[in-house]
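# Summary of structural features
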4 protein chains.
Amino acid sequence: MSKIRVTVWGENVHEHEMPKVGEIYPKGMHGCIADGLLEDPAFDVKIATLDMPEHGLTDEVLEETDVITWWGHAAHHKVDDEIVNKVKRRVLEGMGLIVLHSGHYSKIFRSLMGTTCSLCWREADERERIWICNPGHPIVKGIESPYFEIPMEEMYGEPFGIPEPSETVMIGHFEGGNVFRSGCVFLRGNGRIFYFQPGHETYPIYHHETVKLILKNAAKYVAPHGTIWKDGAPMIPVESAPDPISAKH
Amino acid sequence: MSKIRVTVWGENVHEHEMPKVGEIYPKGMHGCIADGLLEDPAFDVKIATLDMPEHGLTDEVLEETDVITWWGHAAHHKVDDEIVNKVKRRVLEGMGLIVLHSGHYSKIFRSLMGTTCSLCWREADERERIWICNPGHPIVKGIESPYFEIPMEEMYGEPFGIPEPSETVMIGHFEGGNVFRSGCVFLRGNGRIFYFQPGHETYPIYHHETVKLILKNAAKYVAPHGTIWKDGAPMIPVESAPDPISAKH
Amino acid sequence: MSKIRVTVWGENVHEHEMPKVGEIYPKGMHGCIADGLLEDPAFDVKIATLDMPEHGLTDEVLEETDVITWWGHAAHHKVDDEIVNKVKRRVLEGMGLIVLHSGHYSKIFRSLMGTTCSLCWREADERERIWICNPGHPIVKGIESPYFEIPMEEMYGEPFGIPEPSETVMIGHFEGGNVFRSGCVFLRGNGRIFYFQPGHETYPIYHHETVKLILKNAAKYVAPHGTIWKDGAPMIPVESAPDPISAKH
Amino acid sequence: MSKIRVTVWGENVHEHEMPKVGEIYPKGMHGCIADGLLEDPAFDVKIATLDMPEHGLTDEVLEETDVITWWGHAAHHKVDDEIVNKVKRRVLEGMGLIVLHSGHYSKIFRSLMGTTCSLCWREADERERIWICNPGHPIVKGIESPYFEIPMEEMYGEPFGIPEPSETVMIGHFEGGNVFRSGCVFLRGNGRIFYFQPGHETYPIYHHETVKLILKNAAKYVAPHGTIWKDGAPMIPVESAPDPISAKH
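A brief report on the enclosed structure follows. Per chain, residue numbering runs from 1 following the sequence as it is written. Labels are handed out in written order, letters beginning with A for the chains and numbers beginning with 1 for the ligands. At least 70 in pLDDT is required for a residue's local features to be given in this predicted model, at least 80 for side-chain atom pairs to be given and counted, and no such filter applies to totals for whole chains, interfaces and linings, which use all residues. Side-chain numbers come from the whole structure's heavy atoms, not from hydrogens or water.

## Considering the overall build of chain A
- The helix and strand tally for chain A stands at seven helices and nine strands.
- Scaling as 2.2 N^0.38, a compact globule of 249 residues should have a C-alpha radius of gyration of about 18 Å, and chain A matches this with 19 Å.
- Referenced to the eigenvectors of the C-alpha coordinate spread, the extents of chain A come out at roughly 75 × 40 × 40 Å.
- When the 249 residues of chain A are sorted by exposure, 66% land in the buried category.
- Of the contacts formed within chain A by residues at least 6 apart in sequence, a portion of 72% connects residues at least 24 apart.
- Within the structure as shown, chain A displays about 8600 Å² of accessible surface, and the carbon and sulfur contribution to it stands at 55%.
- Just so you know, the count uses Lys and Arg for positive and Asp and Glu for negative, and it drops His and the chain ends. Taken as the charge centre is NZ of Lys, CZ of Arg, CG of Asp or CD of Glu, depending on the residue. Between the averaged position of the 24 positive side-chain charges in chain A and that of its 36 negative side-chain charges there is a distance of 4 Å. A run of DSSP states H or I qualifies as a helix once it reaches four residues; a run of E qualifies as a strand once it reaches two. Both are numbered from the N-terminal end. The size measure is the radius of gyration over C-alpha atoms, and the globule rule it meets is 2.2 Å times the number of residues to the 0.38 power. Partly exposed residues are those whose accessible area sits between 20% and 50% of the maximum for their type, while under 20% is buried and over 50% is exposed, using a 1.4 Å probe and protein chains only. The contact definition used throughout considers only heavy atoms, calling two residues in contact when any of these lie within 4.5 Å. Per-residue accessibility takes into account occlusion by the displayed protein chains alone, with areas from the Shrake-Rupley method and a 1.4 Å probe.

Right, here's the structure in full:
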């Protein structure tokens, strides 16, 4: 069976500007996410970052990507609209997309959702507890308990400005009291999208074993299972209509 | 009971450039749509067109609009992005939106759907027959038969590049054989959106009694029933958290 | 405007068998729910209970009901299947249904959902905090804060065995840590269904002002807005087909 | 990779009572469906029929089934409720289900949908044309054209009394004019359900190459991808709550 080709996209800004982030993620957050995936031989993994030409997302890279993961925060506005459109086109054709944490406000996620994708937030070293809504779902395969915990996380709380998901897989609860739809699946075009809330840059969340497991599961779940749908707006000639059309004039 | 305030937005281009369209719609397509709504005392109706300052959609107009109907075709690209964003913000806050025919490719619809909104098409004076999927739905109230016909219409066919609707209300079939999800409801943010396929500019479709009835019904259906949701991304101070947060360091 | 005719259905068992419940609800839980609705002149309210002939849900009562609320727990199995089928038929035709608390395991709710409707639970006088996912939704109209609290409630926790809702309106969190989709809207046939989790019999929850407000809002939201859909499986004669059918043999 | 274990369930009544059906399907409709699947080495196929003990669906068979296909028509009422409940339990746990043609009125489908599953119909040797709504969907993999035709089929028409599907994959159109949501995916519990309309007993529809292809694709699509979810209604002891619960009395 051929491997699932994942491109891990990282904004790669905090890692250089915030010493703490650089310490937790010496290879960048993207490097840590990539290493987690590479524990599973099912995956081929590439890295792409904002500072690369075309943000690392050339036509060739995108054509050869089955699943893209997206972490961004400080520089959403620096992502070129043309690149966003290319990624979006590929998702609608069938490429999987995993949007991580502050990626809720990325151009690519907002553009695919059509809504504000807003939420409320707080940075206070809160423990998060994430509950599973469907214990049999492929994305939570291997998690034996009804919930798992992240010792410290930024709070993300409802209302979360998303369209109703196709599948609500996880709901998070934060020490300060707030709740959040922390794991949601959406279908758009021929692509599957998974939004996963954990991952504030100042905590070692992508080193967390359960988070790593979920990313592996999710990459398999959103990987293309059909064929590519290159849709357009074709004019269908009258002579190609399956039924004859009567002249009206 | 206070009236539902509808703003009928029209591109108002074909009416001036294509004599046939001007003949069918001497007051513009928007004028005809507005007149249809005004048959029902439930509505207050304003008109706004592309050529007006701010396309007729000033902040004040939008604030005082409960439902907006949108017909555009030739000049989607001339609609200012800033105005589109304002309309979108209002829809997400709770304003109803009715997208008509070629409006499937308008910036506002594509932006709210997050998908291509593509379809296949053919101009061949085809009879369309529109079947009703839920005869009890408010949008088809008053239609006694299982389908209705439009004598000549542009063909719009599947695949239609939309997310799965919240409600599939009607499916159209065209003389040449194609089928299309001709009436679909979507929920986005706090707003309801109804896409309705009939309405090619060269046919007198907005004079059609059943089409007029559906537009009245739909305007009532998508009108705001809740309150305004002005969402944002508020930071919630630690001292406002309902539960105490323990210091971790 | 004519009134919305609500039938409040109550199992009416705990009230007689558990002194505490009788004390909290001297007129029965159904009586308290009915009184709450009657604070709003929009409603006409009837009561029906398990011990009445046909559980109070005669054909005549059902025909004259716009919205039914359902509270049951100890005696789900004593509800006659034929009555359940009648209620179900009416919901599919367009009658609104509000399912309360332990009604998650009622025949009517399970039958409409098609799933187990299971959940996990604990009786420990826990404080519940209910967060709102769409502050503009008609069902939460008038609630100004992002959450409200119920001082003591039975815990209901995920996984909740429901199909994905059409709208997730509220998420509850319990003192012991669990979370739950506490307010969900479903569309089935031509009817709207609202599941609302609060309401354990040993606490005065239907006296709670916010709970009362939500029940009023919900009854308006699920009330029929269209017409009745009496569906069946009609054979359509060949001569009634809109298009001629060619003889194949 | 282990094989997908499919159980093809057939009512096996028409085959014996209608000579024409026996001629088209000498091994039974189930035999033809099974043979089609067996063209693909991905599948292990078992047959089960109404007349077998426990309708061929013993606990052991169900435990060892990944996907069940269901064709029934004349004898829906003869299917034992207890067996239906077992099949339903397995679907909610994660087993895939493909419901064929007149199976729309089977106990298992109606019970999982929660709606009437009604439709209108006509037997008149009509050509059906089935259009594809998402050309990239795994279920239509290998179909190169925008539609395919079945020379003669019973007409099934809207309104189809189903909940809104998770994915509308195909829409059928019949010679006499009616349209129908002919291919729909639903998610219930941890299981995927595909309803596929073609398959009237008096036509050789399960010999049709495209129909056979779709059944193979669909069996792969609805096959379990996660783990089994054996849900229940566990009481969670106070001492197992992740957070301490304060005594209120």
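## Points about the interface of chain B and chain C
- Every contact between the two is made by 25 residues of chain B and, on the other side, 25 residues of chain C.
- Buried area is calculated as the accessible area (1.4 Å probe) missing from two parts once they are joined, with the contributions of both summed. Interface area for chain B against chain C, summed over the two sides, is near 1900 Å², with a carbon-plus-sulfur share of 52%.
- Each salt bridge in this description consists of a side-chain nitrogen of Lys or Arg and a carboxyl oxygen of Asp or Glu lying within 4 Å of one another. Here chain B is connected to chain C by four salt bridges.
- Ionic pairing is found between D243(C) and R129(B), a salt bridge with its closest N-O pair at 2.9 Å.

## Focus: the environment of E123(A)
All names here are of chain A.
- Take E123: it is sitting in strand β5 (residues 120-132).
- Put simply, E123 and M152 are 29 residues apart on the chain and 9.5 Å apart in space, counted from C-alpha to C-alpha.
- Ignoring sequence-local partners within four residues, the contact set of E123 consists of E154 and H200.

## Here's the deal with helix α5 (residues 81-93) of chain A
Residue and element names in this part refer to chain A.
- What a helix should span is 1.5 Å times the count of its residues minus one. Compared with the 18 Å implied by 1.5 Å per residue over 13 residues, the 18 Å span of α5 between its first and last C-alpha is a close match.
- Where the residues of α5 are buried, they touch α4 (59-63), β3 (67-71), β4 (96-100), α6 (107-113), β8 (179-188) and β9 (191-196).
- As used in this structure description, the phrase polar contact means that two N or O atoms lie within 3.5 Å; if the pair is within protein, one of them must be able to donate a hydrogen and the other to accept it, and residues adjacent in sequence are counted only when both atoms belong to side chains. At the N-terminal end of α5, a side-chain oxygen is found 3.0 Å from the backbone nitrogen of E82, two or three residues along, and the residue is D80.
- The first or second residue beyond α5 is G94, which carries a positive phi of 140 degrees.

## Considering the interface of chain B and chain A
- With 48 residues of chain B in contact, the opposing surface of chain A contributes 48 residues.
- Together, the buried faces of chain B and chain A total about 3500 Å²; carbon and sulfur atoms form 58% of this surface.
- Applying the counting criterion to the chain B and chain A interface returns twelve residue pairs in polar contact (both at pLDDT 80 or more).
- Broken down by element, the residue count for the side of chain B that touches chain A peaks at seven residues, all from strand β5 (residues 120-132) of chain B.
- Considered class by class, the residues forming the side of chain B that touches chain A number 25 nonpolar, 13 polar and ten charged. The classification used treats Ala, Val, Leu, Ile, Met, Phe, Trp, Tyr, Cys and Pro as nonpolar, Asp, Glu, Lys and Arg as charged, and all other residues, Gly among them, as polar.

## Topic: the sheet that holds strand β2 (residues 43-49) of chain B
All names here are of chain B.
- One open sheet accounts for nine strands, arranged β2-β1-β3-β4-β9-β8-β7-β5-β6; its pairing is mixed. The sheet terminates laterally at β2 and β6 (147-157), the two strands that pair on one side only. Taking each pair of neighbouring strands and ignoring which way they run, the sheet shows an average axis angle of 25 degrees.
- Two strands pair if DSSP finds at least two bridges between them. Judged from the four bridges that link them, strand β3 (residues 67-71) and strand β4 (residues 96-100) form a sheet pairing that is parallel. Axis definition: a line fit to C-alpha positions, over the contact stretch in the case of helices; interaxial angles, taken between N-to-C directions, run 0 to 180 degrees.

## Things to note about the nonpolar core
Residue and element names in this part refer to chain D.
- Residues grouped as a nonpolar core are buried Ala, Val, Leu, Ile, Met, Phe, Trp, Tyr and Cys residues, joined through side-chain atoms within 4.5 Å. Counting residues in each nonpolar core, the largest one holds 40 residues, and the members touching the most others are I98, M170, F194, F196, Y206 and L215.
- The element best represented in this core is helix α7 (residues 209-222), accounting for seven residues.
- Apart from residues lying up to four places away in sequence, Y206 is in contact with Y25, M29, C32, I33, W71, L100, H101, P198, G199, V211, K212 and L215.

## Thoughts on the relation of the copies chain B and chain C
- The least-squares superposition of copies is restricted to C-alpha atoms, and to residues with a pLDDT of at least 70 in both copies. When chain B is fitted onto chain C, the two copies agree to an RMSD of 0.0 Å after a turn of 180 degrees and an axial shift of 0.0 Å. What the rotation and shift describe, once combined, is the action of a two-fold rotation axis. Taking the C-alpha atom as reference, chain B places S166(B) closest to the rotation axis, 3.5 Å from it.
- Of all interface residues in chain B, 100% are interface residues in chain C too; the two copies therefore contact each other through one and the same surface.

## Observations concerning the sheet that holds strand β1 (residues 4-10) of chain C
All names here are of chain C.
- Reading across the sheet, the nine strands line up as β2-β1-β3-β4-β9-β8-β7-β5-β6 and stay open at both edges, with mixed pairing between neighbours. The sheet is open, and its two borders are formed by β2 (43-49) and β6 (147-157), each paired with just one other strand. Adjacent strand axes in the sheet meet at a mean angle of 25 degrees, parallel and antiparallel pairs treated alike.
- Two strands pair when backbone bridges link them, and β1 and β2 are joined in this way by seven bridges, in the parallel orientation. When the sheet's bridge partners are listed, R5 is paired in β2 with D44.

Any functional reading would require information that these geometric values do not contain.
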